[in-house]
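As a plain string of letters, each chain reads:
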Amino acid sequence: MSNTPMAASPLTRAVLEIDEYVSGLGWDQPARLFALVDTARLRAQEPSLAAQLGLQDESETVGLTPIEQDEIPSGKPLDEFLGTIAWPDAVTGCALTVERLMLPPSAEAQVPSGLDEAALATWVAEHPERQEVRMTVAVLRDGSRESALRLREKDSPTEVLTGPDLVPGLADALTATFAD
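Residues numbered from 1 in each chain as written. Predicted model: local features only at pLDDT ≥ 70, side-chain atom pairs only at ≥ 80, totals over all residues. Heavy atoms only, no water.

Novice: Help me out: how do you make sense of the overall build of the chain in this one?
Specialist: A tally of helices and strands in the chain yields six helices and six strands. Overall, the chain shows an N-to-C arrangement of helices and strands of α-β-α-α-β-α-β-α-β-β-β-α. What you see for the chain is a C-alpha radius of gyration of 17 Å, in line with the 16 Å of a compact globule of 180 residues. Viewed in the frame of its principal axes, the chain has a C-alpha envelope of about 55 × 35 × 25 Å. Residue pairs in contact within the chain that sit at least 24 positions apart in sequence constitute 65% of those at least 6 positions apart. Element-wise, carbon and sulfur atoms account for 52% of the exposed surface of the chain, whose accessible area totals about 10300 Å². Charge centroids of the chain, computed over 13 positive and 30 negative side chains, lie 2 Å from each other. (Helix = DSSP H or I, 4+ residues; strand = E, 2+ residues; numbered from the N terminus. Rg over C-alpha atoms; globule rule 2.2 N^0.38 Å. Contact = heavy atoms within 4.5 Å. Areas by Shrake-Rupley, 256 points an atom, 1.4 Å probe, with all protein chains shown as cover. Lys, Arg positive; Asp, Glu negative; His and termini not counted. Charge placed at Lys NZ, Arg CZ, Asp CG, Glu CD.)

Laid out in C-alpha cells, this is it:
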C-alpha cells in the first residue's frame, strides 16, 4: 500500500505512488512510462485486470491507477520516442519517470560557449555541483499536470518536492502525446 497522503489530489497521489515504486527499484534506472487510468472505470470495465492489480477491494472511488508500459527503447532520444505515442481513449493521462543530472542556477554562467550536446553532457557530468535527480512528471488529458523531484543526495520520501511546474518542458512533451 502506498504511503502517499490521502488529502492530495488523485494526480498528486499517482505521481507520488510512481515515485515510491521507482524508488524501490534503486537508482540508475532507465526512463519508465506509465498510462494513468481512472480506477473506478478500470474496476467496472476490466474487473479481471483490476483484480490482478489488487484494486478489486479498494474502497476509494476517485483515483488514478498507474500502469507501467513497455520499456522505452534505449537507442532513441526521449523526445523522438514521445512523438510516436498515441493513447487510447481509456487512458486518462500519462506519466514518465527519468533520471538526469542537474546543476544549480548559479552554474549557468559557467557553461562554456560552443559546446555540442555530447560535450555539454560531459561538462555537466564532471561539474562539482551536479546533482542526480529523479523526475516523475504526469499529465492528464484536461491539461492538469504534476511533478515529483527526488535528489539522490536526499533519497527519502519526506524529501520529495512536488508541484505542477517543476519540469515544464517534460510536462509539455507528455501533453503533446494526447494531441489529435
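Novice: Which parts of the structure should I look at to understand the nonpolar core?
Specialist: Generally speaking, soluble globular proteins have nonpolar side chains that are buried together. Residues Leu33, Ile72, Leu82, Trp87, Leu96, Leu170 and Leu174 are the most contacted members of the largest nonpolar core, which totals 25 residues. Those elements that provide at least two residues to this core are strand S1 (32–38), helix H4 (78–82), strand S3 (93–102), strand S4 (131–140) and helix H6 (168–176). Take this core: its biggest share by element is four residues, from S4. Setting aside residues up to four positions removed in sequence, Trp87 forms contacts with Leu33, Phe34, Ala35, Gln69, Cys94, Arg141, Thr177 and Phe178. Formed by 14 residues, the second largest nonpolar core is a distinct cluster that contains Ala14, Val22, Ala138 and Leu140. (Core = buried A, V, L, I, M, F, W, Y, C linked by side-chain atoms within 4.5 Å. Buried < 20%, exposed > 50% of the residue type's maximum accessible area, 1.4 Å probe, protein only.)

Novice: Where do I start with the side chain of Gln131 in this structure?
Specialist: You can see Gln131 is positioned in strand S4. A distance of 3.3 Å separates a polar atom in the side chain of Gln131 from a polar atom in the side chain of Glu153. Setting aside chain neighbours within four positions, we find Gln131 in contact with Arg100, Leu101, Met102, Leu151 and Glu153. (Polar contact = N/O pair within 3.5 Å; in protein donor to acceptor, adjacent residues only side chain to side chain.)

Novice: Looking at this model, I keep getting lost on the side chain of Glu146. Mind explaining?
Specialist: Tracing the sequence through the fold places Glu146 in strand S5 (residues 145–151). Of the side chains bearing the opposite charge, Arg145 lies closest to the buried Glu146, which forms no salt bridge; the N-O distance is 9.7 Å. Engagement of the side chain of Glu146 in a polar contact is seen with the side chain of Thr12, the distance being 2.8 Å. Of the polar contacts made by the side chain of Glu146, one reaches the backbone nitrogen of Gly163; its length is 2.8 Å. (Salt bridge = Lys/Arg side-chain N within 4 Å of Asp/Glu carboxyl O.)

Novice: Can you help me understand the pairing of S3 in this one?
Specialist: Here is the key point about a regular strand: its side chains alternate between the two faces of the sheet. Burial within S3 is extensive, with seven of its 10 residues counted as buried. As judged from the five bridges shared by S1 and S3, these two strands associate in the antiparallel manner. Bridging across to S3, Leu33 finds its partner in Leu96. As judged from the 10 bridges shared by S3 and S4, these two strands associate in the antiparallel manner. Its bridge partner being in S4, Leu96 is matched across the sheet by Val137. (Pairing = 2+ DSSP bridges.)

Novice: What exactly am I supposed to notice about the pattern of salt bridges here?
Specialist: In a structure, side chains of opposite charge can pair up when their charged atoms sit close to one another. Applying the stated criterion to the full structure yields seven salt bridges. Its salt-bridge partner being Arg32, residue Glu68 comes within 2.7 Å of it at the nearest N-O pair. Of this pair, Glu68 sits in strand S2 (residues 64–68) while Arg32 sits in strand S1, and the two are 36 residues apart along the sequence. Residue Glu68 is classed as partly exposed on the basis of its relative accessible area, which comes to 30%. The structure contains a network of salt bridges with shared partners spanning Asp19, Arg150 and Asp155.

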